[in-house]
Amino acid sequence: MPTFARVRRKRGPALAWTPTQDSYYELAEKLRSEGRLPLHLTQTAILEFEAHLRESSLPLPFGLLAGHVCICPDTKLEYLLIDTVARARIELGEDDPYAQLTEELQSLIEEQTRQRKVAVGWYLGGLADDLTLDADVTLLHGQLFPERWQVALVRGAESGVERG
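Residues numbered from 1 in each chain as written. Predicted model: local features only at pLDDT ≥ 70, side-chain atom pairs only at ≥ 80, totals over all residues. Heavy atoms only, no water.

**Some remarks on the overall build of the protein chain**
- Secondary structure summary: the protein chain contains four helices and seven strands in total.
- In sequence order, the protein chain lays out its α and β elements as β-β-α-β-α-β-β-α-β-α-β.
- Counting only contacts in the protein chain whose residues sit at least 6 apart along the sequence, the fraction spanning at least 24 positions is 73%.
- A total of about 9700 Å² of accessible surface is found on the protein chain, and carbon and sulfur atoms cover 52% of it. (Helix = DSSP H or I, 4+ residues; strand = E, 2+ residues; numbered from the N terminus. Contact = heavy atoms within 4.5 Å. Areas by Shrake-Rupley, 256 points an atom, 1.4 Å probe, with all protein chains shown as cover.)

Okay, structure coming up:
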C-alpha cells in the first residue's frame, strides 16, 4: 500500500463494512485477509450517500468516497474510514460519458487531496438490478483507483427493490 499519513483515531461512531452473505462473501473475506485494511463508514457518510441517490433526478448519480487511513492508538489497528461523500457536480451526457466521468472523478479526487483526504473509492447509482459495470467503467476504475483497497459502490433499484 502507498504511504499515506495515518490519522490517529479511536474507532468510534463508524460502521464496519462487510459484504453480504452471498457467493462472493468467502472470496471477499479471503481478499481482505491478504493485506486489505478493514473498511469503516461514518453514519454521516452513509446518510449523505443515501440522500444523494434518493434526491437525485439524474439517471446515473455518482460521486467520490473519501476519508483517511486511520490507526487506533489503543489497539494499533489500521483501517480505512470513509467520512466524506463528494457529489458529482455534472450530469453525464451522451457525448463521451466515460471522459466526463473520468474528468469529474479526477477533479473530485484532486479537491479531496487538497483537503488532506484519501480517495477511498467512488459510487454510482441508477444501475440495472444485476449491478454490472461495463468494461469501459471497470477499466476507468482501475485507472483512477489502482489500489486493491479502493472500492466502487454500485446501487440499483430497477425492479423497485434496492440492491447494492
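**So, helix 3 (residues 97–114)**
- The end-to-end C-alpha separation of helix 3 is 26 Å, in line with the 26 Å expected for 18 residues at 1.5 Å each.
- Within the sequence span of helix 3, burial applies to Leu101, Glu104, Leu105, Leu108, Ile109 and Gln112. The buried residues of helix 3 occupy an angular sector of 140° when projected down its axis, which confines them to one face. In helix 3, the exposed positions angled more than 90 degrees off the buried face are occupied by Glu103 and Arg114.
- Phi turns positive one or two residues past the end of helix 3, at Arg116, with a value near 65°. (Expected span 1.5 Å × (residues − 1). Buried < 20%, exposed > 50% of the residue type's maximum accessible area, 1.4 Å probe, protein only. Arc of directions from axis to C-beta.)

**Overview of the layout of surface pockets**
- For the second largest pocket, the calculated volume is near 270 Å³.
- Lining the second largest pocket are 15 residues, and of these Leu60, Leu92, Tyr98, Leu124 and Val137 sit closest to its centre.
- When residues of the lining of the second largest pocket are assigned to their parent elements, the largest contribution, three residues, is made by helix 3.
- Across the lining of the second largest pocket, the residue classes tally to 12 nonpolar, one polar and two charged. (1 Å grid on protein atoms, 1.4 Å probe; cavity = no way out; pocket = protein on both sides within 12 Å on 5 of 7 lines; lining within 4 Å. Points joined across faces, edges and corners; volume = space filled by probe spheres on them. Nonpolar A, V, L, I, M, F, W, Y, C, P; charged D, E, K, R; others polar.)

**As for the side chain of His141**
- Locating His141 in the fold gives a position in helix 4 (residues 135–144).
- Side chain to side chain, His141 and Trp122 meet in a polar contact 2.8 Å long.
- Excluding anything up to four places from it in sequence, His141 contacts Trp122, Pro146, Gln150, Val151 and Ala152. (Polar contact = N/O pair within 3.5 Å; in protein donor to acceptor, adjacent residues only side chain to side chain.)

**Quick word on the packing of helix 3 against helix 4**
- Where helix 3 contacts helix 4, the two axes come as close as 11 Å, and the packing angle between them is 25°. The pairing of helix 3 with helix 4 is recorded here as roughly parallel in orientation. The interaxial crossing formed by helix 3 with helix 4 has right-handed handedness. For the pair helix 3 and helix 4, the contacting residues are Tyr98, Leu101, Thr102, Leu105, Gln106 and Ile109 in the first and Asp136, Val137, Leu140 and Leu144 in the second.
- Of the residues belonging to the contact of helix 3 with helix 4, the class tally is seven nonpolar, two polar and one charged. (Axes fitted to C-alpha atoms, helices over the stretch in contact; angles between N-to-C directions. Parallel < 35°, antiparallel > 145°, perpendicular 65-115°, else oblique. Left-handed = near helix turned anticlockwise from the far one by under 90°.)

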